[in-house]
Amino acid sequence: MSQHQPRRALSVMTAVGLALLAAACGSSNSSGGSAAPGVTPTSITFGTHQPLTGPAAPGYSEIAPASQAFFDYVNAHGGVFGRKIHLVIKNDQYDPTQTVNVVHQLVLQNNVFGIFEGLGTPTHTKVVGFLNSSKIPDLFVASGCPCWDNGSSQPETFGWQPNYTIEGKVLGQYLKQHFAGQKIAVLYQDDDFGQGGLKGIQAEVPSSQIVTKQPYQSGTTTLAPQMTAIKSSGAKVLVMFTVPIYTAIARLTAFTLGYSPQLVVSNVGIDPITVAGLLKTVSKGKASGDALINGAITDGYLPSFSDTSNPWIKLFMKIHQQYDSSAPFDGNVEYGMANAYTLVQALQAAGKNLTRQALVNAVETHGGSWKGPGIVPFRYTKTQHGGYGGVQMAKVVGAKINTFGPVLTTDPTPGAAISTYSGGQPAPPANGIPSQ
Amino acid sequence: MTTLAQPGPGVPGPDEQPLPSTRLTLGNRLLRSTLVRSLLLVVVLAVVLALVSGALSSYRDLQLAYGAYFFAALAGLSVLVGLSGQVSLGHGALMAIGAYTTALLIGNEGWPLVPALLAAVVSSALVGIPVGAAASRLRGPYLAGATLALAVGLPALANKFPGTFGGENGLVINPPTPPSFLGSSFSLERWEAWISLAGALIVLFVLYNVVHSGVGRSWRAVRDDEIAASLCGLRVGRMQTLAFVISAGCAGLGGGLLTVVNQLAAPTAFQLSLSLSLLTGVVLGGLGSLSGAVWGAALLVLLPNWTTDLSHSLSLSTNVSDNLPFAVYGVVLVAAMLVWPTGIQGGVRAAGHGLRNRRRMRSGGQGAESQSSKPGGEER
C-alpha cells in the first residue's frame, strides 16, 4: 500500500468541487426573486423552442426570427402597454429530450413569462405537462396536433394553426369530390402530426379508396421503401403529412422511380420556396424544384404569401424588409409574423396589469372573436384551445400558392359537417399593430 | 506520449503517481482500506452535494442531475477504455437500453423507482455480456466498428416496434414526487438531482472499489500486454468481457436516470452522436480516471450552453449563429486536446505535480520525474 491512495479520493472530491464551481460561475444571470417572472413595467419576455438545426430546420428555422421581427416592429412603435416584447429562442434540434432541457432552462433560468410558438408535435408534447403543472402560459404552439385542444386538462396550452384532423377532413372532402373512385395513398409522419391528418382523411374518404398508408419516422434518411410500396399500389393520388424535408425526399424518390402521382400535401409541408430549395439541394442542383412540385394541392388559413396585393402580405413584407431581410419572404416567415400578431392581440386583451392568468383568460374570453391575418375564425373558448377552425384549398403554381374555392370550417370530430365561412378578412390596422 | 483514442501500453492509468514510496505518512490504518476510503468519499460527497443542491437555482439542480447521469455512463466507459483498453462507440445504445427499460417498467408496469433502475442496470449488463464476449475477440478498429453497429442499429428498434417503444414519439413517464417529509418547498428539480446524484455516487463507489481490487489490476495487466497477462494465468477474454459488462451496467443506470430526470425515453436522444459525445467526454476528462469522468460530465452539460451563449452574443446572421455552436464545440475540443493531451484530469494532475516538485526542490529533495514517463498500472 502506498501513500498516494487517499490522495486519489481527494482528487475525485477536488474534481467534483471544481466542476460545481464552474457550473455556479455561470449562474449569476438567474435572478428568480421577482414576483411575476418575465414581466416588468417596460418589458415582457417569452421563450420558444425551435429546430434551428436538424431535420426540421429547413424552412421552420425562419419562423421564430420572423416572429421576433414582428415584435421588433411593435417595440419600435412603443410596445404593448409600454412593454417591449422579447423572445428568447432556443434550439432543440427537433429532439424531444433537448426540448425538455431547453424549456426547463427557459422557465427556470431565463425566467420567461410564458412559452410562445414552441415548434413541433413530438417535441412540444413532452413539455405540456411541465408547463401546465407550473402554470406557465403556453401560447400558440407551432404545430397542428389535435392534442393541444384540451382546455380542461391543459388550461395553459393553446394551439394556433388549424389542427391536422380539421385539415385532413377538408383535404379528404376535396379528394372525395374531385378524385372519386381513384386509388389514394397516404404518406405520413408516424406521430400525432401524421396520425391526426390520416384520421381526418379517413373521416371523409371511403376506406376502399385508400390503397396504402405508409408511415415514416422523423430522422430517417430514406423514403425509398415507402415510395416503392406506394408506387406498386398503383395510387394516382399521394396525400402527404410530411415536414418540408420529407416532402422533398418523397418527391425526389418518386421522380427517380418514374412515378408522378397527383400530390396533396399538408400546409406544413409544402411551402414552395422551402421545398423547391430543398429539392435543388438534395438533387445536387440537377432537379428544378418548382417543376417537381408544380400543381401540388394543399390548403391555407392565412392569405397566400405570394399574394402580394393582399394588405396583410404587404404589411408583413414591409416588416420583413426592415427587420428580417436575411431570410427569403415565404410561408414560414408569414407564419411567424401572423402568430406574433396573435400574441400581441392576446397581450392587448390581457390588459395593463399583466399576469399569467390574465393572459390565459384573455385568450379564452376574447380569442374567438379576434380578427387578423387569418382567413378563418379561431376556436378559442374556455374548453376549446384549438386555434384556427378551418382552411381554404390551394394549389402550388410555380413558386406561388394560389388559394381557390370557399373558405371552409369544421371541427375535428369525424361526423361534424364542413361548412362555408363567409366572415371575410378585415384589412390590417393602419399602423399594423392590433388595437387594444 | 501515445495517442489516447486507442489506449495501449504507456497510456497513464488513474493511479500512476511518482515515487511509489513505501513510507507511510499517516498512521491512520483505516484510511488504507479501499472500502472504508471509498465509503468515506461517497458520504462526504453526498453531504456536500446535498448542501450544494439546496443552494443552487432550480435549473442548476437540473444540470446537476444531467451531469450525474452522464457521470454514471462516463465513469463506466472511462474504466472500460482507460483500464481494460477496449474502445466502445456503442455506449449510447447501452444507455438507451437502460432508459427504455426504466420507461417501460415505470410507465407501463408501475414499478417503483429503485427496482426499475436496478432492472435498467441488469438489462444493460445482460446485453453487455454477448457484446462484451464478441468484443473481447476484436481489436482496435474492428472493436470500434462492432460497437458502432450497436450504436446505429439499436435505437432504430424503437421505430421498428412503435407499439412497444412509442416510435419517434418515445415513452413518457410521470415525474418522480419528492417524499413529503422533505417539505413542500423542496423542488422537483432538486429531487431529480438527488436521485441522479445517488445513482452517480453508487457508480463511483462500485467502480472505485473494482478499480482498486485485483480485478482492476488484472485489467491493467491485460491492457498493457495481453500475452504477458495470459502467461501470468489471467484469462484475457474473460477479464475484458467483465469490464464490458460492468461498464454496460453503468451506462444502463445512466440511461435509466436520464429517463427519470427527463421523464422521457425517445430515440433521438440516443443517436450515434450520444455515443461519440460520451467517448469525447471520457477522453477529454481524462482516460481511466474517475475524476476525469467528473470533468467529462461537467463538459457535456455545460459546454453546449456556453458555446450557444457565445455564438448568440456575437449578433451574427441567424444561419451562422444557429450552426456556430457546433463549430465552437469542435474547436474547443481540439484546443483542449492540444493543451491537455492526457485530458483535463491529466492537466490538473500535472499542475499538482509541478507544485509538489517545486516544493520538493526547494526543500532539497530530489525532483520527481514526469508522471507520463511511467508506464501504466504500476500500482504497489
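Keep in mind it's a predicted model, so treat the numbers as computed, not measured. (Residues numbered from 1 in each chain as written. Chains lettered and ligands numbered in written order. Predicted model: local features only at pLDDT ≥ 70, side-chain atom pairs only at ≥ 80, totals over all residues. Heavy atoms only, no water.)

### Section: the interface of chain A and chain B
On the chain B side, the residues contacting the 46 residues of chain A number 54 residues. Between chain A and chain B, the buried area comes to about 4600 Å², and carbon and sulfur atoms account for 62% of it. On inspection of chain A and its partner chain B, the count reaches zero salt bridges. Across the contact surface, chain A and chain B share four residue pairs in polar contact (both at pLDDT 80 or more). (Contact = heavy atoms within 4.5 Å. Buried area = accessible area lost by both parts, 1.4 Å probe. Salt bridge = Lys/Arg side-chain N within 4 Å of Asp/Glu carboxyl O. Polar contact = N/O pair within 3.5 Å; in protein donor to acceptor, adjacent residues only side chain to side chain.)

### Description of the side chain of Ser283(A)
You can see Ser283(A) is positioned in the loop between helix H11 (272-282) and helix H12 (289-293). Residue classification places Ser283(A) among the buried residues on the basis of a relative accessible area of 9%. (Helix = DSSP H or I, 4+ residues; strand = E, 2+ residues; numbered from the N terminus. Buried < 20%, exposed > 50% of the residue type's maximum accessible area, 1.4 Å probe, protein only.)

### Points about a nonpolar patch on the surface
A contiguous nonpolar patch, built from Leu39(B), Val43(B), Val47(B) and Leu51(B) and spanning about 380 Å² of accessible area, is present on the exposed surface. What makes Leu39(B) partly exposed here is its relative accessible area of 45%. (Patch = residues over 30% accessible without salt bridge, like charges linked within 9 Å, V, L, I, M, F, W, Y side chains within 5 Å. Areas by Shrake-Rupley, 256 points an atom, 1.4 Å probe, with all protein chains shown as cover.)

### Describing helix H3 (residues 91-108) of chain B
All names here are of chain B. Taking 1.5 Å as the rise per residue, H3 with 18 residues should run 26 Å; its terminal C-alpha atoms sit 25 Å apart, in good agreement. With 16 of 18 residues buried, H3 lies mostly within the body of the structure. Backbone geometry just after H3 places Gly110 at a positive phi near 70°. (Expected span 1.5 Å × (residues − 1).)

### Some remarks on the state of the cysteines
Chemically, a disulfide is nothing more than a covalent bond linking the sulfur atoms of two cysteines. Residues and elements named next belong to chain A. Overall, the coordinates contain one disulfide over all chains when judged by the stated rule. What pairs with Cys145 in a disulfide is Cys147, and their sulfur atoms sit 2.1 Å apart. Here Cys145 and Cys147 share a disulfide; its torsion about the S-S bond, 130°, makes the bridge right-handed. (Disulfide = S-S within 2.5 Å.)

### Thoughts on the packing of helix H9 (residues 214-224) of chain B against helix H11 (residues 236-262) of chain B
All names here are of chain B. The N-to-C vectors of H9 and H11 enclose an angle of 115°; their axes lie 10 Å apart at closest approach. In this structure, the crossing between H9 and H11 has a hand that is left-handed. Contacts between H9 and H11 involve Val215, Ser218, Trp219 and Val222 from the former and Val236, Met239, Gln240, Leu242, Ala243 and Ile246 from the latter. In terms of residue class, the contact of H9 with H11 is built from eight nonpolar, two polar and no charged. (Axes fitted to C-alpha atoms, helices over the stretch in contact; angles between N-to-C directions. Left-handed = near helix turned anticlockwise from the far one by under 90°. Nonpolar A, V, L, I, M, F, W, Y, C, P; charged D, E, K, R; others polar.)

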